[in-house]
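# Close look at the chain arrangement
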Amino acid sequence: MKKGFTLIELMVTITILSITMGAAVDLSVSLMQQERGALATQDIMDNSSYFLEYSGRFLRMAQVDDGGCITAGQNYENTAGSSSITFLDYENHCHEFLLENGQIKEKVSSDDTAANLGSAVAITSPKITVSSLFFTINGDSASYQPRVTIKFHIQDNNFPRAFMNVENTVSQRNLNS
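Thresholds, definitions, all that
- Residues numbered from 1 in each chain as written.
- Predicted model: local features only at pLDDT ≥ 70, side-chain atom pairs only at ≥ 80, totals over all residues.
- Heavy atoms only, no water.
- Helix = DSSP H or I, 4+ residues; strand = E, 2+ residues; numbered from the N terminus.
- Buried < 20%, exposed > 50% of the residue type's maximum accessible area, 1.4 Å probe, protein only.
- Disulfide = S-S within 2.5 Å.
- Pairing = 2+ DSSP bridges.
- Contact = heavy atoms within 4.5 Å.
- Axes fitted to C-alpha atoms, helices over the stretch in contact; angles between N-to-C directions.
- Salt bridge = Lys/Arg side-chain N within 4 Å of Asp/Glu carboxyl O.

### Structural notes on unusual backbone geometry
Phi is positive for Asn92, close to 60°, though the residue is something other than glycine. Within the secondary structure layout, Asn92 lies in the loop between strand S2 (84–88) and strand S3 (94–100). On the accessibility criterion, Asn92 (41% relative accessible area) is partly exposed. The phi dihedral of Asn101 is positive, around 55°, even though this residue is not glycine. Tracing the backbone through its elements, the reader meets Asn101 in the loop between S3 and strand S4 (103–108). Of the residues examined, Asn101 reaches a relative accessible area of 71% and is grouped as exposed.

Given below as structure tokens:
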């Protein structure tokens, strides 16, 4: 008796091994893509959360303006359409949040006037793109509690399937007197 394998046995073994290896590689690639998607989604969530917490703190503490920053008697104002909001912050500085070149940015004045607003500084990461940002002001009068609703669409630059539409409402902490 001869010891060894026939050509057919070797071909069957190689075919089974190739199918198994192909499935393993395909599974590995799929897992890596899912991991990229999860990391991109986490980055979007981190940027969204940071912006909402950061802007919310300033928006909650906004004051009624005397006319130097925005229209006198108002707490908030959409100065460049609904994609920006300007207000007098709790430190008596004119403050603005806006959308510029796919990033949410802020400008802060050195005093209580809009004339001295500084250059725009990015709040969101350059790894993500914000394609829309809307500030809706409600109840900004003597008889209603002022509220600002923030809506935006945020997407990862390297993983376009990772995106979120976010909406949040912030009410002013101190009632107007």
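### A short note on the state of the cysteines
A covalent bond between the sulfur atoms of two cysteines is referred to as a disulfide. Enumeration over the complete set of coordinates arrives at one disulfide. Paired by a disulfide, Cys69 and Cys94 hold their sulfur atoms 2.0 Å apart. For the disulfide bridge between Cys69 and Cys94, the dihedral angle about the S-S bond is near 70°, and by the sign convention the bridge is right-handed. Placement of Cys69 in the loop between helix H1 (7–60) and strand S1 (76–77) and of Cys94 in strand S3 is noted, with a sequence separation of 25 residues between them. Cys69 gets classed as buried once you look at its relative accessible area, which sits at 7%. With a relative accessible area of 0%, Cys94 lands in the buried category.

### What to know about the sheet that holds S1
Pairing within the open sheet is antiparallel, and its five strands lie in the order S1-S2-S3-S4-S5. Whereas interior strands pair on both sides, the edge strands pair on one side only; in this sheet they are S1 and strand S5 (121–122). Sheet analysis places S2 next to S3, joined by five bridges and oriented antiparallel. Looking across to S3, one finds that Leu88 is bridged to Cys94. The strands touched by H1 are S1, S2, S3 and S4; relative to S3, the strand with the most contacts, the crossing angle is about 150°.

### Observations concerning the pattern of salt bridges
Following the criterion strictly, the structure yields one salt bridge and no others. Salt-bridge contacts for Glu100 lead to Lys105; the nearest nitrogen and oxygen are separated by 3.1 Å. The exposure class assigned to Lys105 is buried, which follows from its relative accessible area of 11%.

So yeah, pure geometry; function would need other evidence.
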